[in-house]
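Breakdown of the fold
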Amino acid sequence: MVRLLSTLLLGILGSTFYWSQSIAQTTGKVNIQHFGEADGFSESLVSYVIQDSEGIIWLATWDGLRKYDGYRFTTYKAHPGDGCPLESNRFHFVEEDADHNIVCWSGEHYYLFNRKTEKFEPYKGKVKVRVYHMPEEIGRVYRALPEYRNINPHFLLVDKQQGVWIYTYRGLERVSITPKPLIPEKSEIGSSEEYVRAVFVDKDKRLWISDKNGYIRVYETRDASQVRYLSPSGQLSVTPVCFGSNAYCFVEDHLGQIWMGTKPHGLFRLVRKGSNRQYTITQYVKRPGDDYSINCNSIYDIKEDKQHRLLLATFGGGLNIVEPQSDGTVRFIHHDNLLKTFPKDVKNCRCLELIPDGTLLVGTDNGLLTVSLKDKYKDLRFYHNIRNPHVASSLGNNLVMDLYRDRAGDVFLATSGGGVDKILNNNYLSDKVQFHHYSVKEGLSSDVTMALTEDMDSSLWIVSEASLSRLNPRTGVSTNYQKTFFDGGFTFSEATPVCLPDSIMVIATSQGILHFNPRRIAKSDYVPNIVFNCPEMIELPAGKQDFHVSFSAIDYNKNEEIIYAYKMAGIDNDWHYTRSNELNYVGLKPGTYKLHIKSTNGDGIWVDNEKIITLRRKAKFNETPWAWMLYGSLLALFLFCVVWVVRYIRQLQNEIKDIRLTHKEQIEVLGSRIKEMLPTLETPEEIHEKVSQMSEDDMLFSQKLKAYVEDNVDNSELSVSDIASAMNVSRTVLYARVRTLFDSTPNNYVLNTRIEYAKRLLTRDKVPVSDVAYRCGFSNPKYFSRCFKKLTGKRPSEYSEGD
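A short tour of the structure in this document, coming up. (Residues numbered from 1 in each chain as written. Predicted model: local features only at pLDDT ≥ 70, side-chain atom pairs only at ≥ 80, totals over all residues. Heavy atoms only, no water.)

1. Things to note about the sheet that holds strand E38 (residues 498-499)
- Within the open sheet, the three strands sit side by side as E38-E39-E40. Their pairing is antiparallel. Whereas interior strands pair on both sides, the edge strands pair on one side only; in this sheet they are E38 and strand E40 (512-516).
- Pairing analysis gives five bridges linking strand E39 (residues 505-509) to E40, with the strands arranged antiparallel. Each bridged residue has a counterpart across the sheet, and for isoleucine 507 the counterpart in E40 is leucine 514. (Pairing = 2+ DSSP bridges. Helix = DSSP H or I, 4+ residues; strand = E, 2+ residues; numbered from the N terminus.)

2. Some points on the packing of aromatic side chains
- Scanning the model with the defined rule gives 41 aromatic pairs in all.
- With a centroid separation of 5.9 Å and an interplanar angle of 85°, the aromatic rings of tryptophan 165 and tyrosine 556 are classed as edge-to-face. Remark: tyrosine 556 occurs in the loop between strand E43 (547-553) and strand E44 (564-569) and tryptophan 165 occurs in strand E11 (residues 164-168); sequence separation between them is 391 residues. The two residues tryptophan 165 and tyrosine 556 agree in class, both being buried.
- When the ring of tyrosine 248 is compared with that of tyrosine 300, the centres are 5.0 Å apart and the planes differ by 10°; the resulting orientation is stacked. Here tyrosine 300 lies in strand E22 (residues 299-304) and tyrosine 248 lies in strand E18 (residues 247-252), a separation of 52 residues in the sequence.
- Owing to a relative accessible area of 18%, tyrosine 248 belongs among the buried residues under this scheme.
- Over the aromatic face of phenylalanine 41 sits the side chain of arginine 66, whose NZ or CZ is 4.7 Å from the ring centroid. (Phe/Tyr/Trp six-rings, centres within 6.5 Å; stacked < 30°, edge-to-face > 60°. Buried < 20%, exposed > 50% of the residue type's maximum accessible area, 1.4 Å probe, protein only. Lys NZ or Arg CZ within 6 Å of the ring centre and 35° of its normal.)

3. What about the packing of helix H9 (residues 746-764) against helix H11 (residues 781-792)?
- Running from amino to carboxyl end, H9 crosses H11 at an angle of 90°, the nearest separation of the two axes being 10 Å. By the angle class used here, H9 and H11 are roughly perpendicular. Residues Leu751, Asn752, Ile755, Ala758, Lys759 and Leu762 of H9 lie in contact with H11, whose contacting residues are Tyr783, Phe784, Cys787, Phe788, Leu791 and Thr792. (Axes fitted to C-alpha atoms, helices over the stretch in contact; angles between N-to-C directions. Parallel < 35°, antiparallel > 145°, perpendicular 65-115°, else oblique. Contact = heavy atoms within 4.5 Å.)

4. Here we look at a nonpolar patch on the surface
- A contiguous nonpolar surface patch, about 850 Å² in accessible area, is contributed by Phe621, Trp626, Trp628, Met629, Leu630, Tyr631 and Leu634.
- Here leucine 634 shows up in helix H4 (residues 625-656).
- Overall, leucine 634 belongs to the partly exposed group, its relative accessible area being 47%. (Patch = residues over 30% accessible without salt bridge, like charges linked within 9 Å, V, L, I, M, F, W, Y side chains within 5 Å. Areas by Shrake-Rupley, 256 points an atom, 1.4 Å probe, with all protein chains shown as cover. Salt bridge = Lys/Arg side-chain N within 4 Å of Asp/Glu carboxyl O.)

5. Quick word on the pattern of salt bridges
- Using the criterion set out here, one finds 28 salt bridges in the structure.
- Notably, a salt bridge pairs aspartate 63 with lysine 77, separated by 3.0 Å at the nearest N-O pair. Of the two residues, aspartate 63 is situated in the loop between strand E3 (57-61) and strand E4 (64-68) and lysine 77 in the loop between strand E5 (73-76) and strand E6 (91-96); the sequence distance between them amounts to 14 residues.
- Note that aspartate 204 is salt-bridged to arginine 272, the shortest N-O span being 2.3 Å.

6. Thoughts on the pairing of E40
- Within E40, five of the five residues are buried, which leaves it mostly tucked inside the rest of the structure.
- The turn joining E39 and E40, which pair antiparallel and follow one another in sequence, is formed by two residues.

7. Description of the packing of helix H6 (residues 696-711) against helix H7 (residues 720-727)
- Between H6 and H7, the shortest axis-to-axis distance is 10 Å and the interhelical angle comes to 130°. By the angle class used here, H6 and H7 are oblique. Seen from above, H6 lies across H7 with right-handed handedness. For the pair H6 and H7, the contacting residues are Phe701, Lys704, Leu705, Tyr708 and Val709 in the first and Asp722, Ile723, Ala726 and Met727 in the second.
- Residue composition of the contact of H6 with H7, by class: seven nonpolar, no polar and two charged. (Left-handed = near helix turned anticlockwise from the far one by under 90°. Nonpolar A, V, L, I, M, F, W, Y, C, P; charged D, E, K, R; others polar.)

8. So, the pairing of strand E28 (residues 367-372)
- Along E28, six of the six residues are buried, which leaves the element largely enclosed by surrounding structure.
- The pairing of strand E27 (residues 359-364) with E28 spans six bridges and is antiparallel. Residue threonine 364 lies in a different strand from E28, and its bridge partner there is glycine 367.
- Between E27 and the antiparallel strand that follows it, E28, lie two residues.

9. Comments concerning the sheet that holds strand E32 (residues 419-423)
- Sheet architecture is open: four strands sit in the order E30-E31-E32-E33, paired in antiparallel fashion. Two strands close off the open sheet at either side, each with one partner strand: strand E30 (400-405) and strand E33 (435-438). When the angles between neighbouring strand axes are averaged without regard to direction, this sheet yields 25°.
- As paired elements, E32 and E33 share four bridges and run antiparallel to each other. Each residue of the ladder has a partner; that of valine 420, found in E33, is tyrosine 438.

10. Regarding H6
- A rise of 1.5 Å per residue sets the reference length of H6, with its 16 residues, at 22 Å; its end C-alpha atoms lie 23 Å apart and thus fit the reference within 8%.
- Regarding H6, the residues found buried are Asp698, Phe701, Ser702, Leu705 and Val709. Mapping the buried residues of H6 onto a view down its axis gives an arc of 100°, with all of them on the same face. Counted as exposed and oriented over 90 degrees from the buried face of H6: Glu696, Leu700 and Asp711. (Expected span 1.5 Å × (residues − 1). Arc of directions from axis to C-beta.)

11. What to know about helix H3 (residues 136-143)
- Considered for burial, the residues of H3 that qualify are Ile138, Gly139 and Tyr142. For H3, the angular spread of buried residues about the axis comes to 95°, placing them on one side. Residues Glu136 and Arg140 are exposed on H3 and point more than 90 degrees away from its buried face.
- Residues of H3 that are buried make contact with strand E10 (154-158), E11 and strand E12 (171-178).

Structure (structure tokens):
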């Protein structure tokens, strides 16, 4: 590690950092992917392999034709009773034809596999069977690999990404060679774990590294061949010596003094004594009874403001402000003395960021605090921003791990569980600060983020426990570096990384430091083709409302998990992110939709490979405008009828309220009136004239009614309204009086009168039945016959013959 870090520090002075060159010159890492049941590949001898124009792998095996899309194998073969023309499931050769279908050789015949129908059919074209020959230089390299020593591999294919498909006694394998992973470097002290707590570069460009074991190492540019250790006495010793405290942060003030925040041993000040290799050390800890001593010995971050005050983020005591005194001493301002306005329920502070206008941002375990330091202590107002589950632009998570202000002036927050948040509009002094979120949903490798820094190209580097992400703040696109990019069994620490002037990034880990040049860690620019399990134009029938689609970005070098972005134009306009290669849409409304899908490649790089599927769903009749117009019209008609009937019933009630009828008789009258509105033919009932119960007025009414009906018996258009008008009463009164006098309705009374007149005609004049019907006011002879038989028990013809 000494040699590597010495080279690193010489690179700060202008030399070339040799690490990236050595990576390019050494043999890479051999990746062997073995395919088995978990991938959908059952053990079977592979005869021939091709990669089609879309990038999909097709295999001729002794157990069917197989397709591989980077996720799973699909097998196509004959089954009993399926009508497949294959005589055997043993395939020897495959090739792609001009229509992108697959020509197969099985048994003694050739077949065409139609990719749209997924069915085999006999093939009549000409086929020239070829034998695959591996390029000699590639075969020589792979045969020399230790993994294939003493094995006779059968080379099947070199795909478009230089992956070699091999069949051995172990089964089917794909072999690729990638650059060696990055490995952290430890010191030579010999500890099994070297958890780095902090990294720092001072104004003399020396690199300071503190670890969990209590060592503080300093790499000096003037003597890059050696590492020195800070001793408890303040000497930078060549001999390894433990300082004895865990330093979590460093800062160099305007006087060149080094301040170290530790846990749990308080604050240390290092003042040079003569040379850069000797310091006078002063320690500040909490002293009982001294209100102006530091109130907490666990310090996570330090900043210096324009008034040359030190600002401390303590884990347990909130914010401490260090004020230098005229006698060379310092006093600590906090909520236990002059800083009364600091929220006492927010004691666990983790990180700080100063804005040039004097605004301080404090990241805590319970959200973000902001305050302007221009005012007096008693007038300081702290604004508190926390996550609001109902406001999308609120803080992503309350546990703020790190704060970083980039060269463009934007402030970013690393949160544990909510990804990274960017403050919008630079409106810091508010309880309603708005944030833009970057999370796994938007392409980050993890939402548990711990530290932030910026490289020389203005990219934001985001540290998670097991991965790194490089975010382009201008485009919002992130590049992820996950477990396949590293080796050594380590995790990243919460320490804020540093970017050295020569672009070299130094990141703290649990096994030393990881250092690299971001400009030289190239990732693949391969653009995978996206293929679907359906055509690019889909017509959904009227009865189908759900849509399922699966897709694959054809990239077989999956160093990182492929992430997809999708949006359905017609439903939403925002990109959504997923690691699944399947989508389901339920309850689609009629219309035309466009499904947009794009992806990262196998190295986690977003590429320009967007594909679009057009989906048209036909409407059922009940979903068309005509149906809704019809439904609306029927509803309006129904409501009109209801209103009309209600008004009609109320009118009838008003008409009979002055008539002396029992409640039952009133209901019968109302029922008769309502029945009159129905388009039905009334069935005649025999009438019973209540002569003995009639008054003189009733007799006069009865005689007048009988005379009028008999005079108009041949009028087929005779109605209840006509009778009521002739009797000078309302229809309701007519119904009521006819019911009282004859136990009948007016219509039934008329029918009985017509039948009586018909009986006289049949027995007197021997008139034909149809003529009798018309002369008695019936417009339908059949109806006349039915009514006649109902009242007399005989048909009209039988009645005339009998009499």
